[in-house]
Each structure stands twice: as structure tokens, then as C-alpha cells.
Amino acid sequence: MKENNFKKLNYDPKQYPRELKKYYISASENEITAMMDKIKIKKFDDLYSHIDKNVHFDSAPHVTHALDYSELIDHMEALAKKNTIRPSFIGDGLKNYKVTEIVPFVSNLRGLTTAYTPYQPERSQGTLHTLWVYSSTLSMLTGFEAINASFYDRSTTMFEAINTAVRLVKGTNVALVASTMYPQDLEVLKTLAMETNLEIVTVNTDKKNGILEVQHAEELLAKYQGRVACLVFPQVNNFGNLEDVHTLTDLCAKNKIQSIAVIDPMLNATEGLIPPSEFGSDKAGANMLVGEGQHLAIGPNFGGPGLGIFGIRFNDKNKNDIRQTAGRFVGRAKDINGQEALCMVLSTREQHIRREKATSNICSNQSFVATLAGASILSRGEEGMKESHLIARDYAVQMAHELTQFKGVKLAFPFTPFYNEFTLEIPANTKALIEKARVSGLHLGVDVTTRINDGRNLLLVSFFDVHTDEHLESLVNFFNENFEAQENDEDLPEIPETMMRSSAVNLPNFSFQELKDFYTALANQNVSPDDNIYPLGSCTMKYNPYINDWAASLPEFTDIHPQAPLEDAQGCLEVLWNIQEMFKSITGLPGVTTEPVAGAQGELVGLKLFQAYHRDRGEEASRKILLIPRSAHGTNPATATYAGYETKTIEGVEFGIVTIEANEKGQINFKQLTDEVTKHGKRIAGVMVTNPNTSGVFEEDFKKMSDLIHSVGGLVYMDGANMNAIAGWIDLNKLGVDAVHNNLHKTWTIPHGGGGPGDGMVAVSNKLTAYLPGYQIEKSATGFKAITAPKSIGFFHRHFGNFAHKVRAYTYIKALGSEGTRTMSAVSVLSAKYLFEELKNVYPSLPENCETVPRMHEFILTISKETFDRIEKAGTSKATAIAKIGKLFLDFGLHAPTVAFPEQYGLMVEPTESFTKKELDDFVEIVKAIHTIINEHPEVLTTAPHFTPVKKVDEVDANKNLKFFDVLATLPKVHTNIVNPKELSSMPVKDVMKKIIAAHG
Ligand SMILES: Cc1ncc(COP(=O)(O)O)c(C=O)c1O
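What comes next concerns the included structure. Keep in mind that what you see is a predicted model, and the values were worked out from it rather than measured.

Reading the values: the criteria
- Residues numbered from 1 in each chain as written.
- Predicted model: local features only at pLDDT ≥ 70, side-chain atom pairs only at ≥ 80, totals over all residues.
- Heavy atoms only, no water.
- Helix = DSSP H or I, 4+ residues; strand = E, 2+ residues; numbered from the N terminus.
- Rg over C-alpha atoms; globule rule 2.2 N^0.38 Å.
- Buried < 20%, exposed > 50% of the residue type's maximum accessible area, 1.4 Å probe, protein only.
- Contact = heavy atoms within 4.5 Å.
- Areas by Shrake-Rupley, 256 points an atom, 1.4 Å probe, with all protein chains shown as cover.
- Lys, Arg positive; Asp, Glu negative; His and termini not counted.
- Charge placed at Lys NZ, Arg CZ, Asp CG, Glu CD.
- Pairing = 2+ DSSP bridges.
- Axes fitted to C-alpha atoms, helices over the stretch in contact; angles between N-to-C directions.
- Parallel < 35°, antiparallel > 145°, perpendicular 65-115°, else oblique.
- Left-handed = near helix turned anticlockwise from the far one by under 90°.
- Near = heavy atom within 4 Å.
- Polar contact = N/O pair within 3.5 Å; in protein donor to acceptor, adjacent residues only side chain to side chain.
- Nonpolar A, V, L, I, M, F, W, Y, C, P; charged D, E, K, R; others polar.
- Patch = residues over 30% accessible without salt bridge, like charges linked within 9 Å, V, L, I, M, F, W, Y side chains within 5 Å.
- Salt bridge = Lys/Arg side-chain N within 4 Å of Asp/Glu carboxyl O.
- Phe/Tyr/Trp six-rings, centres within 6.5 Å; stacked < 30°, edge-to-face > 60°.

## Side note on the overall build of the protein
Of the regular secondary structure elements, the protein holds 29 helices and 29 strands. A compact globule built from 1001 residues would reach a C-alpha radius of gyration of about 30 Å, and the protein, at 28 Å, matches this within 12%. Each principal axis of the C-alpha distribution contributes one length, and for the protein these read about 85 × 70 × 60 Å. Buried positions account for 66% of the 1001 residues belonging to the protein. Sequence-distant contacts, at least 24 apart, represent 79% of the contacts inside the protein between residues at least 6 apart. A total of about 33500 Å² of accessible surface is found on the protein, and carbon and sulfur atoms cover 49% of it. Each charge class in the protein was averaged separately, 101 positive and 121 negative side chains, and the resulting centres sit 5 Å apart.

In C-alpha cells:
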């Protein structure tokens, strides 16, 4: 290996013990052999011998040729260099502001990047504080009292806001949506609304002024009287024009519908545009806000990850609307000592969703982008935020003057005010001019001709603080070369005072050093799979290679806009094409979409594909039953509801979700399944099954189930969250899978970021390829191009999905190659089986009476009735005992296993392949010690955890007394660990036990 190459990296891989390990597997050959001996197997194949041979790959699938670490560095650099970055005036809903210096710093804090969603608030105050900074600064900028901890991006957030409006305005199912919104966002809304009760109706654009036609909105309100839930409108529209937000908000208030304002918080900073909390002639504000926050944090990254900003009012006049929203919020809390703390509140509608109450299917969100957005706002501070948008504004004003000094070039809407983007009418074909500009070194802007179609050629140009005087000079030069100069002294439209912010935001200002210390302290409050087993079952907390992040941070990847001419984005398309092909090999299925941004969105894509398939056969009205096992992750039934499979019975006929129970082996009850198929027959749309399931058991009857479902014309969705167990071994095509999502943030090593962003690429069978959403990347003799499938169901993402995550996963898979893929999953199963073997005689396991059923990558432990009794006698109820045992793991410097899911009394443990046998043995010692403690000193559970920065957090009280933001004047106080987790995990286990008992007092 050419170690000299390591100099190209922004870190030294030799410093990190797992980084240079083959396939990132830490266990040595000898340790692997010893683990195999323990579970009495001879080779990896034996781990899969209980699975029907007919569903194995005939031979190891060819995924890709593996590269060593040094080759990988060169390869990723070469790929990135296939993109061409040029000065760009493309904005169009994906802005491009400077990335502040705090962003790369925070992006390297592994305590923050690698942690999961803050389910254990005592161990996650770091992540919770980063999100608190995000929601507080956004509240300060927008005036909204409650900002959630993020959705995927602007378009999907709009859909969540619309659904909230429908719940709030009883009896409605129509959303009026401005046609002046970005067309990509409208596409996503249309796709999501398909086959639901919701009707999306667009309000026309006033062609003369390039803003919404208020009169048309009024006509639609009259037409759909009593059925309209909301009006969604932008502050800055798809021509760069400023909408009359006051009139639109008043119109909503007058008609008692919800006003949903689509804003850019950057422009609401001091001296910018009026914040949405002051919209309306009475300044009462809009009801909800939606925005895109990607540019607050990071570069365009070829379109993803984004950051969906969502806000709702929470004040003396309105405290209840928030209960109808989806997503998680971070709220103020207290620990049992009365110390200030934070925890997630109102999160019951997402990952803990009660199946029948589901209002949204989101689980992984965009937490880490929110974290970076909060950090960037603090880093810019009051002056910096103001400066960024004022620079953008000044450039736009200067260019509007200069670019209209050419014959035939004029403002397309000369009477409508704009801010930092504007539309020009030009005397040339816009598309051709954009191409000409590319050749001469510029990404000129966006062709918006068809947004109005009035015979004029229209070009949208956008200005940001990334621009320089040289960029502007080259833009003017380009116009000079193409158009004849002609003086024009017309004034630009002025922005009325009523559209401007009237008071300062008063954001605090901190030095870079202060922020570095703050975020470092927060990172130290979390634990990371870098250091130790992070046994959170179902979440696959494996090692996240540094090289993935380095590759994703190459400027040619981060700085390219997804609407740049694709000739200049060939590196991105090559990554997408490759990963698309890799996942065909990994799954055995012939089609792949790289669009979905999380597992839950992948599920939705799958079900929308099912609907399209049935619709194509004229069966959309009849295929209304989805079969889902009870043990499914909450997102599965939630997705089904969200997709339009509402569970109800009308005149004795069932619709929606039919729940399948487990059999005595912890698998789907095939007898019940057969009965349901007999009963519902051709009314079955499909089935959704996690495999291996959440008990870590491979569904033996999967193939039989697929055949049965197919025999009545239904389709099979496999939740692929647990691919870490079977990748490279099991052929999903042979299993009969029609659609499967792959959580790139689990098996494919993307860091979890404290809750997201994730990625959920979906692979499909031949039946569904024609309907795939978004872009398919095709390789041709002249390069890579993006096409759409012939009967595509539409778009779930405005561009290409979470592109930066594709770079990470691609880098990982290139390090594994075909053999590494199989080895990775085999060692993850081996590690789990080894742990289970060591623990099963101390802890009973769940499902009950299934000890001998082969487990794969994870397993569920519980405690005996006697232990429950002892614990109850010592003051901890049976209902809370398992959650409290989880807290004891924190006392040993670890994260807790997944508690009380999918089994109420279960602790789900998933070790992954990332740890040595020695680390697994140490873990076993700790888990056994916990068993001793809860039997001999069950009273300690009443006070656990003991060494975290805050003590047991009172989440119930936090959910009752909701508080969502602080007006930040200083940095939030960071409590330090009572004992550092690294110190705890390196202490002899016996000493920690003594320390816990002593701490209980
Ligand atoms: C089994 C299972 N299915 C689906 C999901 C949802 O995936 P995501 O969080 O990527 O939306 C999860 C996430 O934990 C899961 O464990």
C-alpha cells in the first residue's frame, strides 16, 4: 500500500485502529476462528446453512473489484475530478452560501457524527444541545416558537405541513399550492398525494407580474368551499420575485384555512425580509413555516442531503396545533435532581408510532444537517448572517443594473420587487445560451421559460455570498460577448418597507475558539461506535470509515449544483450509476432507484410502486389490503397509512393493514397468512416483511409467502434494514422480493449523525422497473445521462436524493469488493451468534421458547419472572424495568441496547462486525455484571444512570410542559460527565459495579 498517499487526507488513518483493517473488521483471523469454534461452525457458509439453499446466490455475486486504502484515495479523487466546477448563478431553491469554518470542524467530531437518534437523553445531551441550538436560532430568525428537529427537505416538509393542515381544519382534503413554487417541489407533492385522499390544486401565476394570482386563489376557495385546508405560498418565488405575503396570509385567515409560508431563514436575518411570524396586515403571522436549510450548513452537494425546516406556532393564543404535527422536537426538561436538561418531545408520531395513529412515517431525519445549520448560524452571528444576505442582495442589484444594459435584455417582471435572484427576458434561446455559457466557463442560471410560457425567453439568475467580483465580471463579459450594448436607465422595482424586517434578530456572536470548545464538549457527552460496542439493535451501529467522509468532502462533489449541465457533473453521475449497479448485484434484483433519502421513504417508494403496478392493471380500486407482521418496525404500518392504505371497515369489508401474528418460532404465522390470503384474495395489494426480522431470525417461509402472495397478484416488500446479516449471501430475486430498501446509514456505513440524514435506496423486481421514480442513470458511449423510467411514478426528491451519502456508501463498497461484502455480513452474524451463545444461559431470550431458533445479526434478551419480581419489590415497576436496565448500560460507558422494541420486555442487542473478540468478551462481562446487579442490588435501577452529565431525565414532565427554544444570548451550559464513558469502559467491571452501588448511596 502506498502510504505516501495518506498525505492527501485531512486525517491520519494510522491513528484510528479500525480504519486500516481489511473490510473494517477489527477481529483478527485467530479471533474469528475462536468465535467459530465457540458456536461450533467451521466456515462462514455454516452461518447460512439453515436458510433454504434455493434462495442463496449460486455463487458470490460480483459487486465490484476491491481497492486498497491507497488506491481508494486515488480512485475517489479521480472520480471527483470528472466534475467541473464553474462560477454558478444557479439557485432555484438550492442556494449556495459560503460554508463557515465551523462546519468541517463539527463534521469531524465523531461523538456527534456517529451517534444515533437521542433515544437515551442522559447519554445524548450533546446531540440534543446541537439540535436545541438549531431550533432556538431558527426561532429567533423566523419568530416561530416551535421548530422541529427536521424533515428530509423542503418538498417533503411541505407535504407534512399540508397533512397537518388537513388534520387541523376538520373535514378538508384540498391543499391550494402556489404554482410559483419550484416545479421540483410541486412534482414531489403530486407524487406523494397520489392515491391518498388529498387533492393538490395549484393556484395560477399572474403572468404579467410573475407572482401568485390572488383572484384565482379566491376562485378556488369558492369552488372547493369547506374542503380547503391550506394555502402554501413562497416568500421568494420561482422567478426570484417577492410574493405579497400579507395579502395571502390575510386571505387564509379570512377563509379560516391554514397559511403555510415557504421561506428562506437566511433572508429573514437582520435587515432582510419580514419574518413569517409577522405576515398579515395584523402582523399575526402565518400558521406554519416550511423551508430548505441545506445552504445554511453545507454546499449544494449535487442536491443532497437537504434539510427540511418546519415550524408551527406555540404561544398563548395557540398551544394545541403542535399536537397535530409529525416529527420530533427537542424540548426543555429537568433531571431527577432538578438540573436543566433536554430531551425529545412529541416524538410519538414517528418511530414509536401507534400503528393505527400514524400521521407520518419519518424515522431518520436530517439531524446532522440541522446540527451544522445551528452551528453555522452561531458562527456567522448577528453580523455574519446580515452580511451574507446583504452581499447577495447587493450583487443582485448591481447585476440587475448591468445585465439590462444590453439590447433586448430586460427584467422579465419590471414592476415586481425581488431580493437576490431575478428573472431576465433575453433575446436568445435560453437553453442554447446556458450551453454557450458553460462552454465559456459559467453556469449561467436556470431556464424558466416554461414556467410562464408566454413566448418570452426567460433566464433566472441568483446571487450569493460565495460570489466574487471576478465572477460578476465574467458574467457581464459573457453578456457583452453575446449581446449588443444599449443604455438603459430604468429604475429597479423597490421593495416596500412592509416586506422588510423592522427589528434586529440579535443573534449572539462567538469566536471560532468558543464554538470549537462548545461543540467539542458536546461531542464528549455522546458515545461512538469508534470506541466501543454500541449495541442498539436494529440500528446497525457499525464503524463509519473516515475515508467515506473525506471522499464526500472533495470540493468537486460538494460544490456542484444538481441543475448544472450534466456534462459538467459526470463524476456525480458515475458514482450514481456505479452504486445503482452495485445494488443490483447485492440484492439480485434488476432495478434500483437512488432517490429515497431514508429507509422509511424507501418503504413509501415501494408502496407507491405497488399502487402504480396495480393501477396499470386497472386494479387500484380493489387492491386495498396490505399484510404486515405485528413485529414490524413502526415505520411499516405508518408508511402504509401515509401511502393511502387507510385501515377501516366499510359494511363489513376490511381495508388497509391486516396484522399477521408471529408463530411459535418468532416468524410470520404462515397459517394465519394463508387464511388472510384466502379471505382477501385479489384484494391484496401486497405484504411488507422485515427479513431477517427484528428478533434477528431469518423468515424461513419467506419464499413460500412470496409465492402465495404472487399467486393472487399481490406484491412483496422486504424491509431491508437488516441487510447487514445477509448481503452477498441471499438472492432477493430468488426470495420473490418485488421491492426492498437498503438503509445506507446502517449496513453501508453512513454515519447516523444523531438521527440522520439517512438514505434508503430501493431495489425492485422486473415487475416494477417501469415505474421507478426519479432519475435512472444510464451509461453510454458518450458518457452518463439521467433518464426517467417509462411509467415513472414521479419524484420523491427534487433532484438525485442524498448524493453525498452515495459517495460515502460507494467508497465503502469499493473498499469491500465482492468478497468483502460477504465477509462483512458473515462476521456480523458470527459476532451476534457468539454473543448470544455467551449470554443465553444468563438471560432468557425472546420470543419465548425460541432459544434454539437460529439467530443472525441480532437477538433479544429479557429477564426472568424472579428478577422482575425482585426489581418490582425494590421500587421499579415491571413496565419500566427494561428501560431502566438500559440505563445501567450507560453506567458502564456504553450506549443502551434497543429497549422495549419489538418486544415490550426485550433488550435488543446487535454487535455488528466492527469489534474484536476481546471487545465482545468485555461486553459479555458487562452484560453479565448487569444481571448480577439487578438481582443482587435491584434498588440501583431507581437512580440509574449515575455517571452521565445529567441524571434520569423526566421525559413525561417535558412532554407536559413543552418549551421549544431559548433566546440565545450565551452558549447553553454544558454539563460535564460525572465520569467519562471512556474511563468507565476501561475500568475493571467489578470496580464499576462497586461504583454504581456506591453512587446509588
Ligand atoms: C426494521 C426497520 N425498518 C425501517 C426503519 C426506518 O428506517 P429509516 O430510519 O432509515 O427511515 C428502521 C429504522 O430504524 C428499522 O430498524
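Next comes the rest of the description.
## A short note on the sheet that holds strand β15 (residues 457-462)
Within the open sheet, the four strands sit side by side as β12-β13-β15-β14. Their pairing is antiparallel. Only two strands of the sheet have a single neighbouring strand rather than two, namely β12 (410-411) and β14 (446-447). As paired elements, β14 and β15 share two bridges and run antiparallel to each other. Looking across to β15, one finds that D447 is bridged to L459. Relative to the sheet, helix α11 (residues 367-403) contacts β12 and β13 (421-426), its axis offset from that of β13 by approximately 10 degrees.

## What about the packing of helix α5 (residues 125-142) against α11?
Between two packed helices, what matters for the description is the angle formed by their axes and the separation of those axes. Interhelical geometry of α5 versus α11 gives an angle of 50 degrees and a closest axis separation of 8 Å. Regarding the angle of α5 to α11, the classification is oblique. In terms of crossing hand, the pair formed by α5 and α11 is left-handed. For the pair formed by α5 and α11, the contact residues are T130, L131, V133, Y134, T137, L138 and L141 on the first element and S367, A370, T371, A373, G374, I377, L378 and M385 on the second.

## Let's talk about helix α19 (residues 635-643)
Counted residue by residue, α19 has eight buried out of nine residues, so it is predominantly covered. Check the buried side of α19 and you find it contacts α6 (154-168), α18 (599-616), β17 (625-629), β19 (653-660), β20 (684-690) and β21 (715-719). Looking one or two residues past α19, G644 carries a phi angle of roughly 120 degrees, positive in sign.

## As for the side chain of N532
When you line up the elements, N532 lands in the loop between α14 (512-523) and α15 (546-552). Apart from residues no more than four positions distant in its own chain, N532 is found in contact with R18, L894, F915 and S985.

## Brief notes about the site of the ligand
Neighbouring the ligand are 15 residues; S364, S538, G599, D719 and H745 lie closest to it. Within the backbone of A600, an N or O atom sits 2.8 Å from an oxygen atom of the ligand. Within the contact set of the ligand, a nitrogen atom lies 2.5 Å away from a side-chain nitrogen or oxygen of D719. For the ligand, the accessible surface in isolation is 390 Å², of which the surrounding protein chains cover 99%. Looking at the shell around the ligand element by element, the count peaks at three residues for α18. Residue composition of the shell around the ligand, by class: five nonpolar, seven polar and three charged.

## Structural notes on a negative patch on the surface
A cluster of like negative charges, contributed by E487, D489, E490, D491 and E494, occupies part of the molecular surface. Of note, D489 is situated in the loop between α13 (469-482) and α14. Residue class for D489 comes out exposed when judged on its relative accessible area of 74%.

## Description of the pairing of strand β8 (residues 288-292)
On any regular strand, side chains alternate: one points to one face of the sheet, the next to the other face. Within β8, five of the five residues are buried, which leaves the element mostly enclosed by the surrounding structure. Alternating positions in β8 separate into two faces, M288, V290 and E292 on one and L289 and G291 on the other, with burial throughout. With four bridges connecting them, strand β7 (residues 258-263) and β8 associate as parallel partners. By the bridge assignment, I260 is partnered in β8 with M288. Two elements, β8 and strand β9 (residues 308-312), share five bridges in a ladder whose sense is antiparallel. The residue of β9 that forms the bridge with L289 is G311.

## Comments concerning the packing of aromatic side chains
Following the criterion strictly, the structure yields 34 aromatic pairs and no others. Plain terms: the ring middles of Y24 and Y543 are 6.3 Å apart, the flat faces sit at 45 degrees to each other, and that makes the pair tilted. Of this pair, Y24 sits in the segment before α1 (29-38) while Y543 sits in the loop between α14 and α15, placing them 519 residues apart in sequence. Using a relative accessible area of 5% as the deciding quantity, one classes Y24 as buried. With a centroid separation of 5.3 Å and an interplanar angle of 55 degrees, the aromatic rings of F329 and F964 are classed as tilted.

## What about unusual backbone geometry?
Cis peptide bonds are those with omega within 30 degrees of zero, and the linkage from F901 to P902 qualifies with -5 degrees. In this structure, P902 sits in the loop between β28 (898-899) and β29 (907-909). Looking along the chain, the bond that leaves A944 and enters P945 is cis, with omega of 0 degrees. You can see P945 is positioned in the loop between α26 (917-936) and α27 (955-960). Even without a glycine there, the phi angle at T540 is positive, about 50 degrees. Inspection of the secondary structure puts T540 in the loop between α14 and α15. Exposure remark for T540: the relative accessible area of 0% places this residue in the buried category.

## Comments concerning the sheet that holds β20
The eight strands lie next to each other as β16-β23-β22-β21-β20-β17-β19-β18, forming an open sheet whose pairing is mixed. For this open sheet the edge positions go to β16 (591-593) and β18 (648-650), each flanked by a neighbour on one side alone. When strand polarity is set aside, the average angle formed by the axes of neighbouring strands in this sheet is 20 degrees. Note: β17 against β20, three bridges, orientation parallel. Looking at β20, one finds that L627 is bridged to V687. On the sheet, α18 packs against β16, β17, β20, β21, β22 (739-743) and β23 (760-764) and is oriented at approximately 175 degrees with respect to β21. Here α19 sits on the sheet and contacts β17, β19, β20 and β21; the angle it forms with β17, its principal contact strand, is near 170 degrees.

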